[in-house]
Amino acid sequence: MNQKTVQNSQSLINSVRQIVDKKNATRDQKLKEISELLAEKIEVFDWVGFYLVDPDADRELVLGPYVGEETDHTRIPFGKGICGQAAETNETFVVQDVSKEENYLACSVHVKAEIVVPIKKNGEFVAELDIDSHTKDSLTDEHRKVLEQICENLSILF
Ligand code: SME
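These numbers come from a predicted model, not from an experiment.

Reading the values: the criteria
- Residues numbered from 1 in each chain as written.
- Predicted model: local features only at pLDDT ≥ 70, side-chain atom pairs only at ≥ 80, totals over all residues.
- Heavy atoms only, no water.
- Helix = DSSP H or I, 4+ residues; strand = E, 2+ residues; numbered from the N terminus.
- Rg over C-alpha atoms; globule rule 2.2 N^0.38 Å.
- Buried < 20%, exposed > 50% of the residue type's maximum accessible area, 1.4 Å probe, protein only.
- Areas by Shrake-Rupley, 256 points an atom, 1.4 Å probe, with all protein chains shown as cover.
- Expected span 1.5 Å × (residues − 1).
- Arc of directions from axis to C-beta.
- Contact = heavy atoms within 4.5 Å.
- Salt bridge = Lys/Arg side-chain N within 4 Å of Asp/Glu carboxyl O.
- Axes fitted to C-alpha atoms, helices over the stretch in contact; angles between N-to-C directions.
- Parallel < 35°, antiparallel > 145°, perpendicular 65-115°, else oblique.
- Left-handed = near helix turned anticlockwise from the far one by under 90°.
- Phe/Tyr/Trp six-rings, centres within 6.5 Å; stacked < 30°, edge-to-face > 60°.

Student: What is the right way to look at the overall build of the chain in this model?
Tutor: When helices and strands are tallied, the chain shows four helices and six strands. Whereas a compact globule of 158 residues would reach a radius of gyration of roughly 15 Å, the chain reaches 15 Å, a difference of no more than 12%. Referenced to the eigenvectors of the C-alpha coordinate spread, the extents of the chain come out at roughly 35 × 35 × 30 Å. Residues counted as buried form 47% of the 158 residues belonging to the chain. As displayed, the chain has an accessible area near 8500 Å², and 44% of this comes from carbon and sulfur atoms.

Here you go:
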């Protein structure tokens, strides 16, 4: 990882911390602002949003704040699609070419790659950060590392 990447990652993590620490904002406002920040700062991130565990349903995700095209997938059962698989395994799931993933829920024909990073509260899966890219093979190890650190900073919101 070069020096510039490290600095950029650190500044992104610091910006997320500042949003998380805001006093007069709701959780949804903070998640929306973080989605906007990531979509703006990282060129290959075209859809950025959150799915949250629905406490009133049986192992189901509900769409939270996001930026990007509207999606039909407002509720996703655990195990379904890339989002549902990440929910089930509680592990980051990176797909560099969605056309090769059989268990995939298409949101838009433009999407070519996707990463989903779990948010854990005391180790338990509570939500996830979902990012779509219109560029195949665009998701790097640095993206994964910075997103995992960001998600560690988000557990306090749940
Ligand atoms: N593609 C996801 C569905 C959510 S949209 O990307 C916003 C999936 O396969 O789970």
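Student: Hey, could you run me through helix α2 (residues 27–41) in this one?
Tutor: At 3.6 residues per turn, the α-helix brings residues three or four places apart onto the same side. Under the 1.5 Å per step criterion, the end-to-end length of α2 is 21 Å for 15 residues, consistent within 8% with the ideal 21 Å. Inspection of α2 places Lys30, Leu31, Ile34, Ser35, Leu37 and Leu38 among the buried residues, and these make up the whole buried set. Down the axis of α2, the sector holding all buried residues measures 165°, keeping them to one side. Buried residues along α2 sit against α1 (3–20), β1 (47–53), β2 (60–67), β6 (124–133) and α4 (141–154).

Student: So what exactly am I meant to see when it comes to the pattern of salt bridges here?
Tutor: Side-chain pairs of opposite charge can arise where the charged atoms are in close proximity. Applying the stated rule across the entire model yields nine salt bridges. The partner of Glu33 in a salt bridge is Lys22, with the nearest N and O atoms 2.9 Å apart. One end of the pair, Glu33, is in helix α2; the other, Lys22, is in the loop between α1 and α2, and eleven residues separate them in sequence. Here Lys22 falls in the partly exposed class, since its relative accessible area comes to 37%.

Student: Would you mind showing me how to read the packing of α1 against α4 here?
Tutor: When two helices pack together, their arrangement is given by the angle between the helix axes and by the axis-to-axis distance. Interaxial distance between α1 and α4 falls to 10 Å at its minimum, and their mutual angle equals 20°. With respect to α4, the axis of α1 lies roughly parallel. Of the two possible hands of crossing, α1 and α4 adopt the one that is right-handed. Side by side, α1 and α4 meet where Thr5, Ser9, Leu12, Ile13, Val16, Arg17 and Val20 of the first sit next to Glu142, Val146, Gln149, Ile150, Asn153 and Leu154 of the second.

Student: Honestly, the packing of aromatic side chains in this entry has me stumped. Any pointers?
Tutor: The geometry of an aromatic ring pair is captured by two quantities: the separation of the ring centres and the angle between the planes. This model, assessed by the stated rule, comprises three aromatic pairs. Ring geometry for Phe78 and Phe125: centres 5.8 Å apart, planes at 90°, overall edge-to-face. A residue pair is termed long-range when its members are at least 10 positions apart, and Phe78 in the loop between β3 (75–77) and α3 (81–89) and Phe125 in strand β6 qualify at 47 residues. On the accessibility criterion, Phe125 (10% relative accessible area) is buried. One aromatic cluster is present, formed by Trp47, Tyr51 and Tyr66 through successive ring pairs.

Student: Sorry if this is basic, but what is going on with unusual backbone geometry here?
Tutor: With the exception of glycine, the majority of residues adopt a negative phi angle, and the majority of peptide bonds are in the trans configuration. A positive phi angle, close to 60°, is found at Asn90, a residue other than glycine. Within the secondary structure, Asn90 sits in the loop between α3 and β4 (93–95). With a phi close to 55°, Asp137 is a non-glycine residue in the positive phi region. Residue position: Asp137 is located in the loop between β6 and α4. You can call Asp137 exposed: its relative accessible area is 53%.

Student: Any chance you could explain α4 here in plain terms?
Tutor: An ideal rise of 1.5 Å per residue puts 20 Å on 14 residues; α4 measures up with 20 Å between its terminal C-alpha atoms. Listing the buried residues of α4 in full gives His143, Val146, Leu147, Ile150, Cys151, Asn153 and Leu154. Each buried residue of α4 sits inside an arc of 150° when the element is viewed along its axis, so together they form one side. Packing partners of the buried residues in α4 comprise α1, α2, β1, β5 (113–121) and β6.

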